[in-house]
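The residues making up each chain are set out below.
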Amino acid sequence: MKTDNHFKSLSLSVIWAWMFLFALLPFCLVIIASLMSHNESDLITLPTTLANYQHLNNSTYIRIFEKSFVIAGISTLLCLIIGYPFAYIIARMQSRWKSFLLLLVIIPFWTSSLIRSYALIAIIKAKGILNSLLIAFGIIDQPLAILFTNYAVMIGLIYNLLPFMILPIMTNVERLDQRLIDAAKDLGANRFTTFRKIIIPLTMPGIIAGSILVFLPAMTIFYIPDILGGAKSIMLGNLIQNQFLISQNWPMGSAFSAVLTLILVTLILVHVWVTRGNKKREWL
Amino acid sequence: MNTTTLRNSTYLSLIYLFFYIPIIVLIVYSFNNTTFSLVWHGFTWRWYVDLFSDGDLWIATWHSFFLGIASATGATFLGMLTAVSLYRYRFPGRNFLNGLIFILILSPEIVTGAALLILFTFFHLPLGFMSLLLAHICFCIPFVIVTTYSRLISFDKNIFEAAKDLGASDFIIMIRIILPLLSPALFASWLLSFTLSLDDVIISYFVSGPEFQILPLQIYSMVRSGIKPEINALCSVLFCVTVTMVVLAQLALRKKT
Amino acid sequence: MKYLVSAFLIFLLTPFAAQADDKVLNVYAWTTEVPDFVVHMFEKETGIKVNFSTYDNNEIMYAKIRTTKKSGYDVIMPSSYFVDRMARQHLLEKLDKSKLPNWKNINPSFLNPAYDPKSEYSTPYIWGITGIFYNDQYYKSGELKKWSDLWDARFYNKLMLLDDTREVFSMALLRLGYTANDHNPEHIKEAYIKLKDLLKNVKVFSTGTAVSIMIDEDATVGMAWNGDTFRASRENKNIHFIFPEEGFVIWVDNFAIPKNAPHKEAAYQFIDFVLRADIAKEVAVSTNFPTANLAGFKLLPDSIRNDPTVYPPKEVMRHAQFQTDLGDDTLALYEKYWEELKMSD
């Protein structure tokens, strides 16, 4: 029993030490900063004030938030639709090529995402590869205007975040017990029902994990709307970036961050509350 | 069954194509005989020539890889420890810890970067490799935790009961039962963390020091004046090297079995 | 296993290897504005090892230097109004001109500018002008003369604008006859209203991909830097630049030494090196950016020296306005309008 406690206390101490230094402290800094002011000589200074939060109640900011939410949401959904089957197929493969195939998914992402975004531009721009091919085959007359629109932004987001959806789902699908699926079949369920009633609920933790890992970055990424979207509208990531860098208003930027965190945490809590009857909520 | 396999293979191929077409474009364009245009202008080797005489870029690349490996390993270790503890133990502040993890993922990079810089300045930590390493582990850990935990909760808790009944200590359970069962998730988490670390720009900007150059910062700095195909050449070389290594590893493993 | 650990530790510690003072220099600059060969030449001549770190916008460099007063950098490259701001916040060293014998090579027009009235803190290096570019396959030369021309309906969804708050607002302010460094909230609001009108003509905001956008004709007209336009014109002969009649903004990238720089002597040596006429000429030829170094300018080949896009004649330069610092509050106002502008469609 003694060794038990040792291991447990050691683990917990290490974890708490790390979390305190690198999660709690920075977080407290952000909260404190959001309640402070700033001036020409100091980035963050007294007096404390709620003004930053009051300024948030602004129709422009709300629209920016909504727009980011919608684009991130659609991108996440598409990632799920595209990524789930992929994760499912690979996870269920018996072959020893499995980890190789997994690595093949990841390797492109070890290339700088900026350079890959430029490659995407080279493909979708007016004189780009896609349009040149389509025109050459006579499918269209005029080049498609994809670049510098919201579609380009979503393509960019999906392209960059898809592995974050695939990996968690994969690790989850691997745990799927084939016997449950067989049992369902024996009981007369068709493939669709089996999928809906057995597979989806059992892989829900993976789906949620993947969605979180995609949705959250999608909300705050800033260079994709800039490069692929032509910077014609501001998303949340750009907004916060601007507060920190251009306006040099760190308290305001911190306030944005705090509110964003609060809203998303609330959403997650709502989800937890709604699914509280469901056993699988023990995920959270 | 054949149609299923055919359908599966087609789907897999399409997705791989989706991932790889931009890479192929990237490689092809590294031979593009133009400095700034993104349209094809003819074939040339000059970017590769430029690349191989540019020592600084290679040093930065090596630094990034080293940092990535170190961060991924550190993050996977700490993240795994956290996920397992969250799963197995009930301790005061457990929910709070949960919340902290989410907050880490939710924080925009610039906020994390700025906060960490303030923290490091306060503790008089000189900016350089250490500050980068700590920062990278910091933002990778939540991804590890989320990935690992989602696999943990599909475990059958009875296994642990049985092991405990047989007299195994927590440590043994950890090593003999949890780790092996978790290894795919750990592998996936390591890969995710490595990917995140290799590409991080904003946080690295804030906490990097003058003596440890990393690649993403060099690349982003070229954005203002236009990215030259020399970078494409670099990315192509890196890509080919990694793919070769992975293929060789796979072949080596095959020989073993 | 042991060897692996030792190797790992050695690698870990190498970055910490203490380097002899003043045989090291930490430069923090725009990578594309200081060519590699210049750095290597400096290293060879002086034996000082240069660690070259890069950033891609002034704001992030400023944020870092401001937060950690001991950033470890010896030489930085702030643009015009950042010199103003950083000097006022006591982040820069006053330059000891006695250590810069090549100071005399600087073009006098760039000395004592509005953002550094006694040229105490900054060494002008490279400059640029924001004006209008157009592609003569689509528009005749002579059609475009002023900023206000861009508001014309035939440019619907054709324009490229720089993705920079101040540059875009400067355009509107200049069009309205105000200064590009306007503090007056009324004027700024007027500029905002004018810009809202312009939005439907804008196809893309960009700073980084500007050159490729011009060359590949993703946008055929708009706002750009003269240096970028010159470089684009070398790959696409149809691209031209004009200096708007109402006036235009001129920015200057300078070398400066932050306070608490650990290797000041090396810093002075580097700056003096870059001020050499031959070095300035090489930089200008290699980067295609206009140089602020008169002695270097004189050594340039005629094709570049006489190009009016890169080196406009004096009468044109009279309309140039240096960017000065606006102060946090005014900047916040600009930023607020910028956000509303971008969300107003």
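1. Comments concerning the overall build of chain B
And then number 1: When helices and strands are counted, chain B shows 11 helices and zero strands.
And then number 2: In chain B, the succession of α and β elements from N to C terminus is α-α-α-α-α-α-α-α-α-α-α.
And then number 3: Referenced to the eigenvectors of the C-alpha coordinate spread, the extents of chain B come out at roughly 70 × 65 × 30 Å.
And then number 4: Taken over 257 residues, chain B has a buried fraction of 49%.
And then number 5: Within chain B, counting contacts between residues at least 6 apart in sequence, those at least 24 apart form 81% of the total.

2. As for the overall build of chain A
And then number 1: Helix and strand counts for chain A come out as 12 helices and zero strands.
And then number 2: For chain A, the spread of C-alpha atoms along the principal axes amounts to about 75 × 70 × 35 Å.
And then number 3: Within the span of chain A, comprising 284 residues, buried residues form 47% of the whole.
And then number 4: Considering only intrachain contacts with a sequence separation of at least 6, the fraction spanning at least 24 residues in chain A is 70%.

3. Describing the interface of chain A and chain B
And then number 1: On the chain B side, the residues contacting the 77 residues of chain A number 74 residues.
And then number 2: Every element with two or more residues in the side of chain A that touches chain B is listed here: helix H1 (2–34), helix H3 (59–91), helix H4 (98–106), helix H5 (113–124), helix H7 (150–173), helix H9 (191–220), helix H11 (236–245) and helix H12 (250–274) of chain A.
And then number 3: Sort the elements by how many residues they give to the side of chain A that touches chain B and H1(A) lands first, with 18 residues.
And then number 4: Residues belonging to the side of chain A that touches chain B are distributed by class as follows: 53 nonpolar, 15 polar and nine charged.

4. Quick notes on the nonpolar core
And then number 1: In this structure, A:Ala87, B:Leu116 and C:Val75 are the most contacted members of the largest nonpolar core, which totals 263 residues.
And then number 2: No other element matches H7(A), which puts 16 residues into this core.
And then number 3: Taken together, domain 1 (2–127 + 252–312) and domain 2 (128–250 + 321–342) of chain C each give at least three residues to this core, which thus spans both.
And then number 4: In this structure, B:Leu116 is in contact with A:Pro26, B:Ala135, B:Cys138, B:Ile203, B:Phe206 and B:Val207, ignoring residues within four places of it in sequence.

5. Considering the sheet that holds strand S3 (residues 75–76) of chain C
All names here are of chain C.
And then number 1: The strand order across the open sheet built from three strands is S2-S1-S3, with neighbouring strands paired in parallel fashion. Both edges of this open sheet fall to strand S2 (49–54) and S3, since each of them pairs with a single strand only.
And then number 2: In this sheet, S2 lies alongside strand S1 (residues 24–29) in parallel orientation, the contact comprising six bridges. Considered in S2, the bridge of Leu25 is made with Val50.
And then number 3: In the packing of helix H9 (residues 264–274) onto the sheet, the strands contacted are S1 and S3, and the crossing angle to S1 comes to about 60 degrees.

6. Observations concerning the confidence of the model for chain A
All names here are of chain A.
And then number 1: Scored by pLDDT, chain A has a mean of 83; 94% of the residues are at 70 or more.
And then number 2: Within chain A, the lowest mean pLDDT, 80, falls on H12, and the highest, 91, falls on H3.
And then number 3: Taken as a whole, residues 278–284 scores under 50 in pLDDT and shows 13 contacts with residues more than four places along the chain or in a different chain.

7. Describing unusual backbone geometry
Residues and elements named next belong to chain C.
And then number 1: Residues other than glycine seldom take positive phi values, yet Asn112 does so here, at roughly 50 degrees.
And then number 2: Considering the arrangement of structural elements, one finds Asn112 in the loop between helix H4 (80–88) and strand S4 (123–135).
And then number 3: Under the C-beta neighbour-count criterion, Asn112 is labelled exposed, with 11 such atoms within 10 Å.
And then number 4: For Asn157, which is not glycine, the phi dihedral falls at a positive 55 degrees.
And then number 5: If you trace the backbone, Asn157 turns up in the loop between S4 and strand S5 (159–161).
And then number 6: Residue class for Asn157 comes out exposed when judged on the 12 C-beta atoms lying within 10 Å of it.

8. Notes on the interface of chain C and chain B
And then number 1: Counting residues at the interface gives 30 residues for chain C, matched by 31 residues for chain B.
And then number 2: Breaking the side of chain C that touches chain B down by element, the ones donating at least two residues are S1, S2, helix H3 (58–67), helix H7 (210–215) and helix H8 (226–235) of chain C.
And then number 3: Taken together, the residues that form the side of chain C that touches chain B break down as 11 nonpolar, 13 polar and six charged.

9. Description of the environment of C:Gly227
Residue and element names in this part refer to chain C.
And then number 1: You can see Gly227 is positioned in helix H8.
And then number 2: For the pair formed by Gly227 and Asn58, sequence separation is 169 residues and the distance between their alpha carbons is 18 Å.
And then number 3: Setting aside residues up to four positions removed in sequence, Gly227 forms contacts with Gly128, Asn288, Phe289, Pro290 and Val310.

10. Some thoughts on the pairing of strand S9 (residues 248–255) of chain C
Residue and element names in this part refer to chain C.
And then number 1: Of all eight residues making up S9, eight are buried, and the element is well covered by its neighbours.
And then number 2: Alternating positions in S9 separate into two faces, Phe248, Ile250, Val252 and Asn254 on one and Val249, Trp251, Asp253 and Phe255 on the other, with burial throughout.
And then number 3: Inspection of the sheet shows S4 paired to S9 by seven bridges, in the antiparallel sense. Residue pairing in the sheet places Thr123 in a bridge with Phe255 of S9.
And then number 4: Here three bridges tie S9 to strand S10 (residues 320–322), and the two strands are oriented parallel to one another. Within S10, the position partnered with Phe248 by the bridge is Ala320.

11. Observations concerning the packing of H7(A) against H9(A)
Packed helices, taken two at a time, are described by the angle their axes make and the gap between the axes.
All names here are of chain A.
And then number 1: Interhelical geometry of H7 versus H9 gives an angle of 160 degrees and a closest axis separation of 8 Å. In terms of axis orientation, H7 runs roughly antiparallel to H9. Between H7 and H9 lies a crossing of right-handed hand. Packed against H7, whose contacting residues are Leu157, Leu161, Phe164, Met165, Pro168, Ile169, Thr171, Asn172 and Val173, the element H9 presents Thr203, Pro205, Gly206, Ile207, Ala209, Gly210, Leu213, Val214, Pro217 and Ala218 at the interface.
And then number 2: In terms of residue class, the contact of H7 with H9 is made up of 14 nonpolar, five polar and no charged.

12. Points about the environment of C:Asn135
Residue and element names in this part refer to chain C.
And then number 1: With respect to the helices and strands, the residue Asn135 is situated in strand S4.
And then number 2: The buried category is assigned to Asn135, around which 20 C-beta atoms lie within 10 Å.
And then number 3: It is 5.2 Å that separates the C-alpha atoms of Asn135 and Asn238, two residues lying 103 residues apart in sequence.
And then number 4: Not counting residues up to four positions away in its chain, the partners in contact with Asn135 are Glu217, Thr220, Val221, Asn238 and Ile239.

13. Re the environment of B:Leu26
And then number 1: Assignment of secondary structure puts B:Leu26 in helix H1 (residues 2–29).
And then number 2: Judged by local crowding, B:Leu26 falls into the buried class, with 26 C-beta atoms found within 10 Å.
And then number 3: Once residues within four sequence positions are removed from consideration, B:Leu26 is found in contact with A:Thr111, A:Ile115, A:Arg116, A:Ala119, B:Asn232, B:Cys235 and B:Ser236.

Conventions used here
Residues numbered from 1 in each chain as written. Chains lettered and ligands numbered in written order. Predicted model: local features only at pLDDT ≥ 70, side-chain atom pairs only at ≥ 80, totals over all residues. Helix = DSSP H or I, 4+ residues; strand = E, 2+ residues; numbered from the N terminus. Buried ≥ 20, exposed ≤ 12 C-beta atoms within 10 Å, placed from the backbone. Contact = placed C-beta atoms within 7 Å. Nonpolar A, V, L, I, M, F, W, Y, C, P; charged D, E, K, R; others polar. Core = buried A, V, L, I, M, F, W, Y, C linked by C-beta atoms within 7 Å. Domains from an automatic or database assignment. Pairing = 2+ DSSP bridges. Axes fitted to C-alpha atoms, helices over the stretch in contact; angles between N-to-C directions. pLDDT = per-residue confidence, 0-100. Parallel < 35°, antiparallel > 145°, perpendicular 65-115°, else oblique. Left-handed = near helix turned anticlockwise from the far one by under 90°.

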